[in-house]
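# Understanding the architecture of this molecule
The residues making up each chain are set out below.
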Amino acid sequence: MRIARFQDAAGAVHYGIPGDEGGRDQGYALRLAGDLYAGLSETGERIAVNKWLSPLVPVNIFGIGLNYRAHAQETGAQIPEHPILFMKPTTTVTGPGDPIALPASCTHGPEVDFEAELAVVIGRTAKDVTEAQALDHVLGYSCANDVSARRWQKHGGAGQWVRGKSFDGFCPLGPVLVTADEIPDPQALDVRCLLNGETMQTGHTSDMIFSVAQLIAHLSRDTTLLPGTLILTGTPPGVGFARTPPVFLADGDQVRVEIEHLGGLDNPVRNASA
């Protein structure tokens with residue numbers, strides 16, 4: 001099932017199935033009743049969409065750094081022995097079509113970068129699960145953009161990545177959540193990022209250093225992953241800061257993340273004051 005979350009004309013928020021495969025352009029959805037984690041059912045009710053939202057509001061967001069071999073190579077980093085972990089606050093989440101704001105605190109020139117990522121949503125509580133059990137705890141998958149302010153990430157965060165990845169709106173997510181039954185192998189997906197229509201990142205989830213199952217098993221060791229936990233699984237090569245010359249986001253840009261079978265996530269870029 002392809003699950004979207006949207007707001008109707010009265011401001012009420014619903015889950016629904018987009019009108020067709022390109023349903024975000026159709027302006028309506030078939031409403032779903034129930035709970036995202038306990039189960040949703042079709043109502044047959046067709047509702048006009050006023051605004052598409054991120055497919056869920058996560059309870060926690062875990063990010064994984066340097067998880068594609070080709071990305072590690074382009075940055076000159078060694079292949080990590082263990083997953084590189086950081087977290088993003090839930091206030092970073094923004095929906096399809098919402099602008100990515102370039103923070104006013106980026107005062108040293110352009111530094112905001114794009115990172116196309118496969119997002120994993122935990123559907124039932126996971127703690128101390130094995131790699132073999134891990135995918136049984138996945139509700140579904142979505143497209144995400146782990147937007148990153150590089151100077152803040154590398155130099156302004158006292159050695160921690162969190163600050164550079166935590167500005168409001170730095171986790172575009174959507175447009176839909178595709179349930180796990182439609183993605184039997186998360187290591188078999190093409191990933192792309194386009195900037196103003198030009199392909200910047202291309203990769204395949206088979207290039208992950210740590211698979212989705214390995215990440216869930218690792219993160220759940222002595223740590224409870226609640227339903228609604230979002231895991232950003234790393235980005236393929238082609239990020240802006242690793243290019244010659246570097247390419248950073250600017251006011252007026254359009255960013256698109258595409259993942260095979262999941263669709264495309266589009267967001268404009270605006271100055272924070274705009």
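See the structure printed just above.
Each residue is numbered by its place in its chain's sequence as written, counting from 1. Residue-level local features of this predicted model are given only where pLDDT is at least 70; pairs of side-chain atoms are given and counted only at 80 or more, and the full residue set underlies all totals for whole chains, interfaces and linings. The side-chain values count all of the structure's non-hydrogen atoms but skip hydrogen atoms and water molecules.

Okay, the pattern of salt bridges next. Every case where a carboxyl oxygen of Asp or Glu lies within 4 Å of a side-chain nitrogen of Lys or Arg is listed as a salt bridge. Summed over all chains, the structure comprises eleven salt bridges. Among the ionic pairs, D146 bridges to K88, the shortest N-O distance being 2.6 Å. Of this pair, D146 sits in the loop between β12 (138–145) and β13 (148–149) while K88 sits in the loop between β7 (84–87) and β8 (93–94), and the two are 58 residues apart along the sequence. Linking E258 and R256 is a salt bridge whose minimum nitrogen-to-oxygen distance equals 2.6 Å. Because the salt bridges share partners, they merge into one network encompassing K88, D113, E115, D146, R150 and K165. Put simply, DSSP marks the helices as runs of H or I at least four residues long and the strands as runs of E at least two long, and each gets a number from the N terminus on.

Peptide bonds are mostly trans, and most non-glycine residues show a negative phi. Between G174 and P175 the backbone carries a cis peptide bond, its omega angle lying at 0°. Among the secondary structure elements, P175 is positioned in strand β14 (residues 171–179). Looking along the chain, the bond that leaves T244 and enters P245 is cis, with omega of -5°. Positive phi, close to 50°, is recorded for L66, a residue that is not glycine. Note on placement: L66 falls in the loop between β6 (60–65) and α1 (69–75). With phi around 55°, D128 is a residue other than glycine that occupies positive phi space.

Along the polypeptide, N67 turns up in the loop between β6 and α1. Polar contacts, as counted here, are pairs of nitrogen or oxygen atoms within 3.5 Å of one another; within protein the pair requires one atom able to donate a hydrogen and one able to accept it, and residues that are adjacent in sequence qualify only if both atoms are side-chain atoms. Separated by 2.9 Å, the side chain of N67 and the backbone oxygen of T233 make a polar contact. Among residues more than four places away in sequence, those in contact with N67 are D207, M208, I209, F210, L215, T233 and G234. In what follows, residue pairs with any heavy atoms lying within 4.5 Å of each other are defined as contacts.

We now examine the layout of surface pockets. Here a cavity denotes a set of grid points, spaced 1 Å apart and computed over the protein atoms alone, in which a 1.4 Å probe fits but from which it cannot get out, and a pocket denotes an open set meeting protein on both sides within 12 Å along at least five of seven lines; residues with an atom within 4 Å of a point are reported as lining. Grid points are joined across faces, edges and corners, and a volume is the space filled by probe spheres set on the points. Its volume calculated, the second largest pocket comes out at about 210 Å³. For the lining of the second largest pocket, the secondary structure elements donating two or more residues are β6, α1 and α3 (150–154). Here the element with the most residues in the lining of the second largest pocket is α3; it accounts for three residues. Side-chain classes are defined by residue name, with Ala, Val, Leu, Ile, Met, Phe, Trp, Tyr, Cys and Pro counting as nonpolar, Asp, Glu, Lys and Arg as charged, and the others, Gly among them, as polar. Classifying every residue of the lining of the second largest pocket gives five nonpolar, seven polar and six charged.

It is worth spelling out the packing of aromatic side chains at this point. Planes of paired rings set the category: under 30 degrees apart is stacked, over 60 is edge-to-face and the rest tilted, where pairs are Phe, Tyr or Trp rings (Trp by its six-membered ring) whose centres lie within 6.5 Å. A complete count under the given rule lists four aromatic pairs for this structure. Consider the rings of F86 and W161, whose centres lie 5.8 Å apart with planes at 50°: the pair is tilted. Of this pair, F86 sits in strand β7 while W161 is found in the loop between α3 and β14, placing the two residues 75 residues apart along the sequence. Through a chain of ring-to-ring contacts, three or more aromatic side chains come together here, namely W152, F167 and F170.

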